[in-house]
Amino acid sequence: GAVVSQHPSRVICKSGTSVKIECRSLDFQATTMFWYRQFPKKSLMLMATSNEGSKATYEQGVEKDKFLINHASLTLSTLTVTSAHPEDSSFYICSAPGQGRGETQYFGPGTRLLVL
Amino acid sequence: SQKIEQNSEALNIQEGKTATLTCNYTNYSPAYLQWYRQDPGRGPVFLLLIRENEKEKRKERLKVTFDTTLKQSLFHITASQPADSATYLCALGRGDDKIIFGKGTRLHILP
């Protein structure tokens, strides 16, 4: 099946710094990718839809200036958490729809962010 | 607002028995429903998709039913094994690639 990778898998940063998370589709192209965050024992919450070559679409309540998304190529989307605060600590997961109808989502392994 | 409920936060099942997980939704008309498996610290892995015009889908020991009148899906794992222990997520979609997830059910298969 299709493979999606994320880097880094874990990151610890100081409050106020910015952190970039990469999401790559390894063996297929993805014009659209999705970014989620997940708190412990909670569901995945969709943050934004990343669109190759155009602006990302953010879900209600998600600050676009805080969570910068860049979909620079058909295989790479990046999420930058700017001026991170402890409340941004979470598990961030990206996904890309499969080929065909695109109903099946292929998820990356996730990135654990801890802001001190 | 749309809501997805997975009835049990956690479920313990004896090895060899059938595990049945429930997903109910309100204020939503999905074109399809999916089930994913998520292990701790990992991203979800797709298991099965069932469309609104389908009643039942099977894949090896997995079976999914979809009742659009009751707005409910049941997910069954037959002959359960300890390796089936994980969190199972229900997700709904309408064809624009965006899907919404339930909170998941943590399934423990007891040896």
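Everything in this summary refers to the structure shown in the same document.

Cut-offs and rules
- By convention here, each chain's residues receive numbers from 1 onward along its written sequence.
- All chains are assigned letters beginning with A, and all ligands numbers beginning with 1, in the order in which they are written.
- Confidence filtering applies because this is a predicted model: local features only for residues at pLDDT of at least 70, side-chain atom pairs given and counted only at 80 or more, and all residues used for totals across whole chains, interfaces and linings.
- Excluding hydrogens and water, the side-chain figures rest on all heavy atoms present in the structure.
- Here, two cysteine sulfur atoms that lie within 2.5 Å of each other are counted as a disulfide.
- For helices the rule is a DSSP run of H or I covering at least 4 residues; for strands it is a run of E covering at least 2, with both sets numbered from the N terminus onward.
- Partly exposed describes any residue whose relative accessible area lies between the buried limit of under 20% and the exposed limit of over 50%, with all areas from a 1.4 Å probe on protein chains only and scaled to the type maximum.
- In protein, a polar contact requires one atom able to donate a hydrogen and another able to accept it; more generally it is a pair of N or O atoms within 3.5 Å, and residues adjacent in sequence count only if both atoms are side-chain atoms.
- Note on contacts: a residue pair qualifies if any of its non-hydrogen atoms lie within 4.5 Å across the two residues.
- DSSP bridges decide pairing: two strands pair if at least two such bridges lie between them.
- Buried area is calculated as the accessible area (1.4 Å probe) missing from two parts once they are joined, with the contributions of both summed.
- Counted as salt bridges are all cases of a side-chain nitrogen of Lys or Arg within 4 Å of a carboxyl oxygen of Asp or Glu.
- Charged residues are taken to be Asp, Glu, Lys and Arg, nonpolar residues to be Ala, Val, Leu, Ile, Met, Phe, Trp, Tyr, Cys and Pro, and polar residues to be all remaining types, Gly included.

### Description of the state of the cysteines
In step 1: The full count for this structure, using the stated rule, is 2 disulfides over all chains.
In step 2: Across a sulfur-sulfur distance of 1.9 Å, Cys23(B) and Cys90(B) are joined as a disulfide pair. On the sign convention where negative is left-handed, the bridge of Cys23(B) and Cys90(B), at about -60° about the S-S bond, is left-handed. Remark: Cys90(B) occurs in strand E9 (residues 86-93) and Cys23(B) occurs in strand E3 (residues 19-26); sequence separation between them is 67 residues.
In step 3: Judged by its relative accessible area of 0%, Cys90(B) is buried.
In step 4: Free cysteine: Cys13(A), not disulfide-bonded; nearest cysteine sulfur from Cys94(A) at 18 Å.
In step 5: Judged by relative accessible area, which is 10%, Cys13(A) ranks as buried.

### Some points on the side chain of Gln38(A)
In step 1: With respect to the secondary-structure elements, Gln38(A) resides in strand E4 (residues 32-38).
In step 2: We classify Gln38(A) as buried; its relative accessible area is 9%.
In step 3: There is a polar contact of 3.0 Å between the side chain of Gln38(A) and the backbone oxygen of Lys42(A).
In step 4: Once residues lying within four places of it in the same chain are set aside, the contact partners of Gln38(A) are Ser43(A), Leu44(A), Ser90(A), Phe91(A), Ile93(A) and Gln38(B).

### Some thoughts on the pairing of E9(B)
All names here are of chain B.
In step 1: Within E9, 8 of the 8 residues are buried, leaving the element largely enclosed by the surrounding structure.
In step 2: Across the two faces of E9 the burial is the same, with Ala86, Tyr88, Cys90 and Leu92 and Thr87, Leu89, Ala91 and Gly93 all buried.
In step 3: Both strand E4 (residues 32-38) and E9 contribute to a ladder of 7 bridges, which runs antiparallel. Along E9, the bridge assignment pairs Gln34 with Ala91.
In step 4: As paired strands, E9 and strand E11 (residues 105-110) are joined by 3 bridges and run antiparallel to one another. Bridge pairing in E11 links Thr87 to Arg106.
In step 5: Pairing of E9 with strand E10 (residues 99-101), which is carried by 3 bridges, proceeds in the antiparallel orientation. Within the sheet, the bridge partner assigned to Gly93 lies in E10 and is Ile99.

### Points about the environment of Glu59(A)
All names here are of chain A.
In step 1: Note that Glu59 resides in the loop between strand E6 (57-58) and strand E7 (67-73).
In step 2: Given the relative accessible area of 22%, Glu59 is considered partly exposed.
In step 3: Between the C-alpha atom of Glu59 and that of Gly16, which follows or precedes it by 43 residues, the distance is 23 Å.

### Comments concerning the interface of chain A and chain B
In step 1: With 21 residues of chain A at the interface, the matching set in chain B holds 19 residues.
In step 2: Both sides of the chain A and chain B interface together cover about 1,700 Å² of buried area, and 52% of this is carbon and sulfur.
In step 3: Contact with chain B buries surface across chain A, with Ser43(A), Glu103(A) and Phe107(A) losing the most and accounting together for 30% of the total.
In step 4: In this assembly, chain A and chain B are joined by 0 salt bridges.
In step 5: Along the contact surface separating chain A from chain B lie 5 residue pairs in polar contact (both at pLDDT 80 or more).
In step 6: Where the side of chain A that touches chain B is concerned, the elements lending two or more residues are E4, strand E5 (44-51), strand E9 (90-97) and strand E10 (105-107) of chain A.
In step 7: Looking at side-chain class alone, the side of chain A that touches chain B contains 9 nonpolar, 6 polar and 6 charged residues.

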